[in-house]
2 protein chains.
Amino acid sequence: MSLKASKLAMVPFVSVDNMMRLVHHVGIETFLADLAREIEADFARWDLFDKTPRLGSHSDVGVIELMPTSDGELYGFKYVNGHPKNMKEGLQTVTAFGVLSDVDSGYPVLFSEMTILTALRTGAMSAVATKHLAAPDAKTMAMIGNGAQSEFQCLAIKAVCGIETIRLYDIDNAATEKCMKNLAGLGFQITPCSTPEEAIEGADVITVATADKDMQTILTDNMVGAGVHINAIGGDCPGKTELHRDIVARSSIFVEYPPQTRVEGEIQQMADDHPVTELWQVITSAQAGRQSAGEVTLFDGVGFAIEDFSALRYVHQKIKETPFYIDLDLIADPDDPRDLFGMIKRAR
Amino acid sequence: MSLKASKLAMVPFVSVDNMMRLVHHVGIETFLADLAREIEADFARWDLFDKTPRLGSHSDVGVIELMPTSDGELYGFKYVNGHPKNMKEGLQTVTAFGVLSDVDSGYPVLFSEMTILTALRTGAMSAVATKHLAAPDAKTMAMIGNGAQSEFQCLAIKAVCGIETIRLYDIDNAATEKCMKNLAGLGFQITPCSTPEEAIEGADVITVATADKDMQTILTDNMVGAGVHINAIGGDCPGKTELHRDIVARSSIFVEYPPQTRVEGEIQQMADDHPVTELWQVITSAQAGRQSAGEVTLFDGVGFAIEDFSALRYVHQKIKETPFYIDLDLIADPDDPRDLFGMIKRAR
């Protein structure tokens, strides 16, 4: 008997290398805008999804999480770790991969790297929030925290909201220089700033993406003026926040999935019943977004499984008719499904 | 810049083909006996593990589950589906794959097919239960249900407990013929039987592994004599059982992880506080196993994450210094961990 696996046994795998090729093939701004549209479309059919807070396994130095969801036709999950100390050891703080499966058969249809894809979808998610919540004439964004996520935030918000004026700040000047260099030539007007106060001067949107696993106060209350929209992205696990409680208290707060955000987001500083609006309800117009020019809106983003599902489905569609994947022999496929043992025996 | 991924970015992948090669390289009976030892060793340090019932996503036709666990040094999870209707469509009822990761960094260290590995560890698990619960002089086993799992059960119990006399029964005679053919030449004395009653005549151990997603009564009470040990393997999801309630009621019941077994196992027919013994406590001698020659012992096996963890760790050890894996470029590994975007940009 041939050891060659049949077609059913094969699962397309998108490596890191192929994901980068796919991103360049599509164009990174187009990719980000497409992801934002996919996420918006899935948030608009929120009720269809099987939702559960992510399942985390915590250690002293980090967390490993599984984030599953399903729309009844496709099932997706992401594996993602969060290890802030990794950076000092030359490793990624966050790495991820994911799987998309056919609900009817339970067979996987895509296995993909998601370190890059998570960075892209996290940018796209902030862009969706900014589109629905920022002042309509927003022109300037302060980007606080210029690490691995910063360029994706800037580029996605530019692609979706047309914001091209960026004010950068990071406690580490080298991070700001890296971010400036990476964004050079991509159509931005960029100002590096030496304090957070300077960065948010005149900004209509403030995006905060820092990585320490602590209660941090990157922004204090007196720094935040009327009418701004804040994307708080970096606080994404229990015990980690970025904003002073007083800012959170006077903001209109928008979240992905409340049972998860109350444990992981900025609102873990607030009472359990502190009022929040689910972003999907703003997208479907079931709830109001920004209601006045002076209002401070806050997207308390922690990342939710549906965003990964949207991203996996998009990649699954996009790789068709491209060479940017290889087939993995992942599923045992005996001629007779009851004869798994015989398949092994004959393979000798 | 080279697109070549660095060593850190690489995760060993064991395909179906390579898993079969590994099994033959080790020898299937040795592999099963080794797995039984690994499972026993992990059950003996039960308290160290992070335990949670599996996370299932149910549809009308099946279930997709994630089964994570961690011992604090390694983290493992398995993806597994259960779709009884698949068999009629020429697909596997159960397919699976899994990942082992380093808790300290969150980086995956192994990605493996687990359809074959699950079949092997499920056999090994029954062998562990049979070793600790069956009568010491057990010589004959009835194997009820001769589908995909049957040969693994027979071979593992032979490897661990020395039981070589097998009586086979299945409602489908073709399944029994397949099982006989597969076990031929492997040192068994095999009798095919035309009724379940005939199969369990004189059997010291009864192993039941059937696949329908219904409340079935494969065995009725008057069929089961004093002193036997029963492995009930096939009832592994809500609404699916194999034994008549009266058999369960008069058996001493042993389980893997009660919060999961009460929902999925034979004991879902019983009251929520029906007494059960956790098998790990029998292994550590904290609780008694079989206490008299006439006692009916029942291992209500549903499969638990620690068994998969043991199997993944075993494969991770065994593939070293073999050619039975390929390296996958799964983890993005920029020179500067904060410069994920720069890595993508330079890859153009």
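About the thresholds
Residues numbered from 1 in each chain as written. Chains lettered and ligands numbered in written order. Predicted model: local features only at pLDDT ≥ 70, side-chain atom pairs only at ≥ 80, totals over all residues. Heavy atoms only, no water. Domains from an automatic or database assignment. Contact = heavy atoms within 4.5 Å. Buried area = accessible area lost by both parts, 1.4 Å probe. Salt bridge = Lys/Arg side-chain N within 4 Å of Asp/Glu carboxyl O. Polar contact = N/O pair within 3.5 Å; in protein donor to acceptor, adjacent residues only side chain to side chain. Nonpolar A, V, L, I, M, F, W, Y, C, P; charged D, E, K, R; others polar. Helix = DSSP H or I, 4+ residues; strand = E, 2+ residues; numbered from the N terminus. Phe/Tyr/Trp six-rings, centres within 6.5 Å; stacked < 30°, edge-to-face > 60°. Buried < 20%, exposed > 50% of the residue type's maximum accessible area, 1.4 Å probe, protein only. Pairing = 2+ DSSP bridges. Axes fitted to C-alpha atoms, helices over the stretch in contact; angles between N-to-C directions. Parallel < 35°, antiparallel > 145°, perpendicular 65-115°, else oblique.

- An unreviewed UniProt entry lists chain A under the name Ornithine cyclodeaminase, with Yoonia maricola given as the organism.

## As for the domain arrangement of chain A
When the parts of a complex come together, some accessible area is lost, and that lost area is often used as the size of the interface.
Residue and element names in this part refer to chain A.
1) Next: Assigned domains within chain A: domain 1 (7-116 + 306-346) and domain 2 (125-303).
2) Next: Each of domain 1 and domain 2 has a C-alpha centre, and these two points are 27 Å apart.
3) Next: Contacts between the two partners involve 22 residues from domain 1, matched on the other side by 26 residues from domain 2.
4) Next: Buried surface at the junction of domain 1 and domain 2, both sides included, amounts to about 2200 Å², of which 66% is carbon and sulfur.
5) Next: Applying the counting rule to domain 1 against domain 2 returns three salt bridges.
6) Next: With a closest N to O distance of 2.9 Å, Glu 40 and Lys 131 form a salt bridge.
7) Next: Linking domain 1 to domain 2 there are six residue pairs in polar contact (both at pLDDT 80 or more).

## A closer look at the interface of chain B and chain A
1) Next: If you look at the interface, chain B gives 81 residues, while chain A gives 81 residues.
2) Next: Of the roughly 7300 Å² buried between chain B and chain A on both sides combined, carbon and sulfur atoms contribute 68%.
3) Next: The largest share of the area that chain B buries against chain A comes from Arg338(B), Phe341(B) and Ile344(B), three residues that together contribute 11% of it.
4) Next: Our enumeration of links across chain B and chain A arrives at four salt bridges.
5) Next: In this structure, the salt-bridge partner of Asp172(B) is Arg338(A), at a minimum N-O distance of 2.8 Å.
6) Next: Linking chain B with chain A are 38 residue pairs in polar contact (both at pLDDT 80 or more), by the criterion used here.
7) Next: Residue classes in the side of chain B that touches chain A are distributed as 45 nonpolar, 19 polar and 17 charged.

## With respect to unusual backbone geometry
All names here are of chain A.
1) Next: Of note, Ser 285 is a non-glycine position whose phi angle comes to about 65°, a positive value.
2) Next: With respect to the helices, strands and loops of the structure, Ser 285 is situated in the loop between helix H9 (279-283) and strand S16 (297-300).
3) Next: The phi angle at Glu 321 is positive, at roughly 65°, despite the residue not being glycine.
4) Next: With respect to the secondary-structure elements, Glu 321 resides in the loop between helix H10 (305-319) and strand S17 (326-329).

## As for the packing of aromatic side chains
1) Next: Applying the stated criterion across every chain, the model contains 28 aromatic pairs over all chains.
2) Next: Their ring planes at 20° and their centres at 6.5 Å tell us that Phe97(A) and Phe77(B) sit as a pair that is stacked. Of this pair, Phe97(A) sits in strand S5 (residues 96-102) while Phe77(B) is found in strand S4 (residues 74-82), placing the two residues in two different chains. For the pair Phe97(A) and Phe77(B), a shared accessibility class is recorded, and that class is buried.
3) Next: Aromatic pair Trp46(B) and Phe304(B): ring centres 5.6 Å apart, planes at 35°, arrangement tilted. Placement of Trp46(B) in the loop between helix H2 (28-43) and strand S2 (55-58) and of Phe304(B) in the loop between strand S16 (297-300) and helix H10 (305-319) is noted, with a sequence separation of 258 residues between them.

## A look at the sheet that holds strand S8 (residues 165-169) of chain A
Residue and element names in this part refer to chain A.
1) Next: Across the sheet, which stays open at both edges, the eight strands sit in the order S9-S8-S7-S10-S12-S16-S14-S15 with parallel pairing between neighbours. At either margin of the open sheet sits one strand with a lone partner, and together these are strand S9 (189-192) and strand S15 (277-278).
2) Next: The pairing of strand S7 (residues 140-144) with strand S10 (residues 205-208) spans four bridges and is parallel. Looking at S10, one finds that Met 143 is bridged to Thr 207.
3) Next: Lying over the sheet, helix H3 (residues 115-133) contacts S10, strand S12 (229-232), strand S14 (252-255) and S16, oriented at roughly 160° with respect to S12.

## Observations regarding the packing of H2(B) against helix H4 (residues 150-161) of chain B
Residues and elements named next belong to chain B.
1) Next: For the pair H2 and H4, interaxial distance at closest approach is 9 Å and the crossing angle is 75°. For the element pair H2 / H4, the angle class is roughly perpendicular. Judged by residue contacts, Ile 28, Glu 29, Leu 32, Ala 33 and Ala 36 of H2 engage Phe 152, Leu 155, Ala 156, Lys 158, Ala 159 and Val 160 from H4.

## Some points on helix H1 (residues 16-26) of chain A
Structurally, the α-helix is built with 3.6 residues per turn, so residues lying three or four positions apart point the same way.
1) Next: With eight of its 11 residues buried, H1(A) lies for the most part within the structure.
2) Next: Taken from the residues just after H1(A), Gly27(A) is the one with a positive phi, measuring 100°.

## Observations regarding the pattern of salt bridges
A side chain with one charge can pair with a side chain of the opposite charge if their charged atoms come near.
1) Next: Scanning the entire structure with this criterion turns up 36 salt bridges over all chains.
2) Next: Salt-bridge contacts for Asp42(A) lead to Arg45(A); the nearest nitrogen and oxygen are separated by 2.9 Å.
3) Next: Take Asp42(A): its relative accessible area is 1%, and that puts it in the buried class.
4) Next: Taking the relative accessible area as the measure of exposure, Arg45(A) reaches 26% and is therefore partly exposed.
5) Next: The partner of Arg313(B) in a salt bridge is Asp42(B), and the shortest N-O contact between them spans 2.9 Å. Here the residue Arg313(B) occupies a position in helix H10, and Asp42(B) occupies one in helix H2, the gap between them amounting to 271 residues.

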